[in-house]
Amino acid sequence: MWSQFLRLFFLTTSILVSILGTIALAKQKLPRIEFFHLVLVVTAAMMLLAQANHFVLLFVALETVTIGFYILVSYFRTSPLSLEAGLKYLIMGSLSSAILLFGIMLLYGVAGNPALAGSSGDAMNFDALRRFLALNPDNFLASVGIVLVLCGVAFKIGAVPFQIWIPDVYQGAPTPVTAFLAVGSKAAGFAVLLVLTQTAFAPYQGLMIPLLGLIAGRRSSLATSPH
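A short tour of the structure in this document, coming up. Only a predicted model underlies this, so the values are computations on that prediction, with no experimental measurement involved.

**Digging into the overall build of the protein**
Secondary structure assignment for the protein yields nine helices and zero strands. Along its sequence from the N terminus, the protein presents helices and strands in the succession α-α-α-α-α-α-α-α-α. For a compact globule of 227 residues, the expected C-alpha radius of gyration is about 17 Å, and the protein comes in at 19 Å, within 12% of that figure. Taken along its principal axes, the extent of the C-alpha atoms in the protein is 60 × 40 × 30 Å. In the protein, which comprises 227 residues, the proportion classed as buried is 48%. When contacts within the protein are restricted to residue pairs at least 6 apart in sequence, long-range pairs at least 24 apart make up 70% of them. By element, 70% of the accessible surface of the protein is carried by carbon and sulfur atoms, the whole surface being about 11100 Å². Computed over 12 positive and 7 negative side-chain charges, the inter-centroid distance for the protein is 11 Å.

**Considerations on the nonpolar core**
By size, the foremost hydrophobic cluster in this structure holds 71 residues, and its most contacted members are Phe55, Phe69, Leu129, Leu196 and Phe201. No other element matches the ten residues that helix 8 (residues 175-198) contributes to this core. Beyond its immediate sequence surroundings of up to four residues, Phe55 is in contact with Ile104, Leu107, Met124, Phe126, Leu129, Val149, Leu196 and Phe201.

**Brief notes about the pattern of salt bridges**
Applying the stated criterion across every chain, the model contains three salt bridges. Close ionic contact of Glu63 with Lys156 constitutes a salt bridge, the shortest N to O distance being 3.5 Å. Taken together, the residues span a long stretch of sequence, with Glu63 in helix 3 (residues 55-73) and Lys156 in helix 6 (residues 140-157) at a distance of 93 residues. Classification of Glu63 by relative accessible area gives buried; the value is 13%. The exposure class assigned to Lys156 is buried, which follows from its relative accessible area of 9%. A network of salt bridges, in which partner residues are shared, links Glu84, Lys88 and Asp168.

**Structural notes on the packing of helix 6 against helix 8**
Direction vectors running N to C along helix 6 and helix 8 enclose 160°, while the axes themselves pass 8 Å from each other. Relative to helix 8, the element helix 6 lies roughly antiparallel. At the point where helix 6 passes helix 8, the crossing takes the left-handed sense. The residues of helix 8 that touch helix 6, namely those facing Val149, Leu150, Val153, Lys156 and Ile157, are Ser185, Lys186, Gly189, Phe190, Val192, Leu193 and Leu196.

**Brief notes about the environment of Phe140**
Looking at the element boundaries, Phe140 is found in helix 6. Under the relative-accessibility criterion, Phe140 is labelled exposed at 63%. Sequence separation between Phe140 and Ile215 is 75 residues; the distance between their C-alpha atoms is 21 Å.

Cut-offs applied
Residues numbered from 1 in each chain as written. Predicted model: local features only at pLDDT ≥ 70, side-chain atom pairs only at ≥ 80, totals over all residues. Heavy atoms only, no water. Helix = DSSP H or I, 4+ residues; strand = E, 2+ residues; numbered from the N terminus. Rg over C-alpha atoms; globule rule 2.2 N^0.38 Å. Buried < 20%, exposed > 50% of the residue type's maximum accessible area, 1.4 Å probe, protein only. Contact = heavy atoms within 4.5 Å. Areas by Shrake-Rupley, 256 points an atom, 1.4 Å probe, with all protein chains shown as cover. Lys, Arg positive; Asp, Glu negative; His and termini not counted. Charge placed at Lys NZ, Arg CZ, Asp CG, Glu CD. Core = buried A, V, L, I, M, F, W, Y, C linked by side-chain atoms within 4.5 Å. Salt bridge = Lys/Arg side-chain N within 4 Å of Asp/Glu carboxyl O. Axes fitted to C-alpha atoms, helices over the stretch in contact; angles between N-to-C directions. Parallel < 35°, antiparallel > 145°, perpendicular 65-115°, else oblique. Left-handed = near helix turned anticlockwise from the far one by under 90°.

As structure tokens, this is what we get:
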């Protein structure tokens, strides 16, 4: 039910962003159809994220969203700020993707080890991984993999302390893209976080709760600190 709500949310967001894009592009001598095409591709990928149950689907959909935003952020190529924002987002996005992928590979490797209980040949499936983690509650490599995956997702949603890319990217990106990043992209990131914590990583709540609590606590402390 919630995945259907998210798909409707992403669709509504893309329509509003397209309306904003129409206004913004009217002031620029830039291609218009490509902009709306990218918005459609990113929206479709976010819809897939909301119902992902396999790490391959999750990673491909997430990277499709990210690559689409690389282009959208720097779409106003006549603006130095837009180009700078696109470059910074590319560098930080590549770093977060590497961290996320390394965590996924650690989980795949340890969950596919036949010497451990509950090992599976389809360890990238969330249900299979959940069964493995339930039978191996204190596995060190699995814990490291979970931490890396959560850190990679935290980069994508701009959670503290992985928010260093946000100010420059939001400032330099075209206004419709900034709105899309701040609303649609963040919602997709939180959807991924919710899916992972409720399915694949559920047996490791003792690890996730302190980690996510630390991130949330630092975010709230920064939000309430005087400027």
